[in-house]
Number of protein chains: 2
Amino acid sequence: MTEPTSHPAIDAADIDAAARVVAPFAVRTPLLSFPVLNERVGTKVFLKPEMLQRTGSFKFRGAFNKLSSIPEAKRGGGVVAFSSGNHAQGVAAAAQILNMRATIVMPKDAPLSKRERTKSYGAEVVLYDRDREDREAIAGSIASKHGATLVRPYDDPFVIAGQGTAGREIAEDMTALGLAPDIVVAPASGGGLIAGVATAIKARFPNARLIVAEPDGYDDHGLSLRAGHREAHHAASRTICDALMAAMPGEMTFSINSKLLAQGVTATDAEVGAAVAYAYRELKLVVEPGGAVGLAALLAGRIDTRGKNVVIVLSGGNVDADLFAKLVA
Amino acid sequence: MTEPTSHPAIDAADIDAAARVVAPFAVRTPLLSFPVLNERVGTKVFLKPEMLQRTGSFKFRGAFNKLSSIPEAKRGGGVVAFSSGNHAQGVAAAAQILNMRATIVMPKDAPLSKRERTKSYGAEVVLYDRDREDREAIAGSIASKHGATLVRPYDDPFVIAGQGTAGREIAEDMTALGLAPDIVVAPASGGGLIAGVATAIKARFPNARLIVAEPDGYDDHGLSLRAGHREAHHAASRTICDALMAAMPGEMTFSINSKLLAQGVTATDAEVGAAVAYAYRELKLVVEPGGAVGLAALLAGRIDTRGKNVVIVLSGGNVDADLFAKLVA
């Protein structure tokens, strides 16, 4: 595995290695298909339901791979992470399994369920004000005080390779079905999931078209892909996709994504809400708003799927009951 | 396949035949496992998520197998069925695929979502009063008027064999994992699902312990197993498990279940509600109350699972959004 600033940050062999590390503890999520969805979209759609993953999102994969890479001598200092929720749970759960101490810096407005679940894995939660405080500075000071290892949410080769195990499973399962994944869609905040998934998919299916899905206005990956360099989004308001609010793509993730992704698509809050309700009503899956943005773009007709086999990653399902009830009503 | 009154009504070969018939149209649902559930129960638990089946419940399996068995010459008369909801959808969806006309007799108090979904498959829905009218008589008169074939919800060998394909998949998937299903739990209303599942499981795993799960007070299968003959339940009130309100076991299903089932367990409405909420929060699956009764009994500690591999069938996920919101709040 190479240093953050070199290219490429990871390759398929790193994902193979990550798969061996996470397999005993991560759920090998199935690849699901639904006649009702195929009929609606008019093509073969496969869903990778990462809400069925340990901790309710894909984040456990990257966190466990990263924590497992920390040398024994450094494990006593524990780990620290900043996260709006899913990375927090992934790191906390991985730390619990590996008997490491975890401190998580979370925004005060993170969904209650994500805060509570993070604590349930034995982590210490430190809250900060998203508008006034710098989460990286807070996490950095905790890291230096305790000698803890900072676990970045996306710009880390072990994290990206861990997330890539989801893409590796997609490639394996599509191969077993005798099908090629013509289009693979995944959401992005910092871009670690889609960077890992794209690396795994492209290694076996070089012609696959990788599409990043983002909330309307929070399309920093889409903007950056078009510009050819990293750009921040211009969102002035909040989105219901609390998991997808990073301001711009990661440096390391963009070095991968700029080479491997074909395009970006977006979905509005209303479309995301409709996708969450559709998943509840027709697929019987609990998807959080940020996890449903790819499905939302698909259902809204934003992706040219004619004659293609389409894979959509549903990245998580940690959504507060009151918001979920409102969306499915 | 033998006549309803002879014994056994079906065997494993009938289920093999049903599997060939339904495979092109039914979803082969996965067998799911969740570390969080294994840790809570203290053993290996596998869930068969039939809410992911076409129409949102296992009922499509039996309905499609039955409708496919109707000779071409009789298909013009269409089919008629009575059902509180899931069988209705299964029959309607199967009829739509096979280009047959379907009339469904449903109770006026069936969940709105089940009525609407039944209509969405192109069926005609006829409502009746559960307390004052005889659904069998209504369905029978429609059948004789149109020359339609009556599709019984459980006391039919093709229906039981179709439901058994879920058990056949469980047996296959456990075999692939190198594990024996020591305990298999499924809910029962008329008993068609568990009769089919038990037949499939026992054929490959004769030592498996088959357990029928029922709502508290609606334990006609449990009562009948203990009595050695069919008995009605004594429920005076309603249960939130709208799918599990049959008064007594079917004649044909009980002829199977009395030989193959080990015991009955029950769960209260509160325990069922807690299981629906648990499935939402921890498993990210939408389970309807009737579909969650086996999980409810497991979580309530009603099943001796020590050292056993336990399979729980979650039979469906068609639940009105307002009830679901109330249960998960």
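Model, not experiment: these values are computed from the prediction.

K.L.:
Help me get a handle on helix 11 (residues 251–260) of chain A, residues and values and all.
P.N.:
Those residues of helix 11 of chain A not exposed but buried are Met-252, Thr-253, Phe-254, Ser-255, Ile-256 and Asn-257 of chain A. Looking at the packing, one finds that the buried side of helix 11 of chain A touches helix 8 (157–176), helix 9 (192–204), helix 10 (220–227) and strand 8 (261–267) of chain A.

K.L.:
Can you explain the relation of the copies chain A and chain B? Please cite residues and give values.
P.N.:
When chain A is brought onto chain B, the operation consists of a screw motion whose angular component is 180° and whose axial shift is 0.0 Å, with 0.0 Å RMSD remaining. Viewed as a symmetry operation, the transformation between the two copies matches a two-fold axis. Most of the interface of chain A is mirrored in chain B, where 100% of its interface residues are also at the interface.

K.L.:
How would you summarise the sheet that holds strand 6 (residues 183–187) of chain B if you had to cite specific residues and measurements?
P.N.:
Residues and elements named next belong to chain B. Spatially, 1-9-6-7-8 is the arrangement adopted by the five strands of the open sheet, whose pairing is parallel. Looking along the sheet, the strands with just one partner apiece sit at the ends: strand 1 (44–49) and strand 8 (261–267). Each strand of the sheet is rotated relative to its neighbour by a mean of 25°, with strand direction disregarded. Pairing analysis gives six bridges linking strand 7 (residues 209–215) to strand 8, with the strands arranged parallel. Each bridged residue has a counterpart across the sheet, and for Ile-211 the counterpart in strand 8 is Gln-263. Contacts from helix 10 (residues 220–227) reach strand 7 and strand 8, with the element oriented near 130° to strand 7.

K.L.:
Provide a residue-level description of the interface of chain A and chain B, including the pertinent values.
P.N.:
Listed by partner, the interface residues are 29 residues for chain A and 29 residues for chain B. Three residues, Leu-52, Tyr-280 and Lys-284 of chain A, lead the burial of chain A against chain B; their summed loss comes to 31% of the area buried on that side. One salt bridge connects Arg-117 of chain A with Glu-282 of chain B, and the closest N-O pair in it is separated by 3.3 Å. For the side of chain A that touches chain B, the secondary structure elements donating two or more residues are helix 2 (35–41), helix 12 (269–283) and helix 14 (321–328) of chain A. Its residues placed into classes, the side of chain A that touches chain B shows 18 nonpolar, four polar and seven charged.

K.L.:
Could you give me a rundown of the confidence of the model for chain A, with the residues and numbers involved?
P.N.:
Caution applies to low-pLDDT regions: their predicted coordinates should not be interpreted in detail. Taken residue by residue, chain A gives an average pLDDT of 94. The fraction at 70 or more is 98%. Model confidence for the complex is summarised by a pTM of 0.95, with the ipTM given as 0.95.

K.L.:
Account for unusual backbone geometry, naming residues and giving values.
P.N.:
The phi dihedral of Thr-55 of chain A falls on the positive side, at around 75°, and the residue is not glycine. With respect to the helices and strands, the residue Thr-55 of chain A is situated in the loop between strand 1 (44–49) and helix 3 (59–69).

Conventions we followed
Residues numbered from 1 in each chain as written. Chains lettered and ligands numbered in written order. Predicted model: local features only at pLDDT ≥ 70, side-chain atom pairs only at ≥ 80, totals over all residues. Heavy atoms only, no water. Buried < 20%, exposed > 50% of the residue type's maximum accessible area, 1.4 Å probe, protein only. Helix = DSSP H or I, 4+ residues; strand = E, 2+ residues; numbered from the N terminus. Contact = heavy atoms within 4.5 Å. Least-squares fit on C-alpha atoms with pLDDT ≥ 70 in both. Pairing = 2+ DSSP bridges. Axes fitted to C-alpha atoms, helices over the stretch in contact; angles between N-to-C directions. Buried area = accessible area lost by both parts, 1.4 Å probe. Salt bridge = Lys/Arg side-chain N within 4 Å of Asp/Glu carboxyl O. Nonpolar A, V, L, I, M, F, W, Y, C, P; charged D, E, K, R; others polar. pLDDT = per-residue confidence, 0-100.

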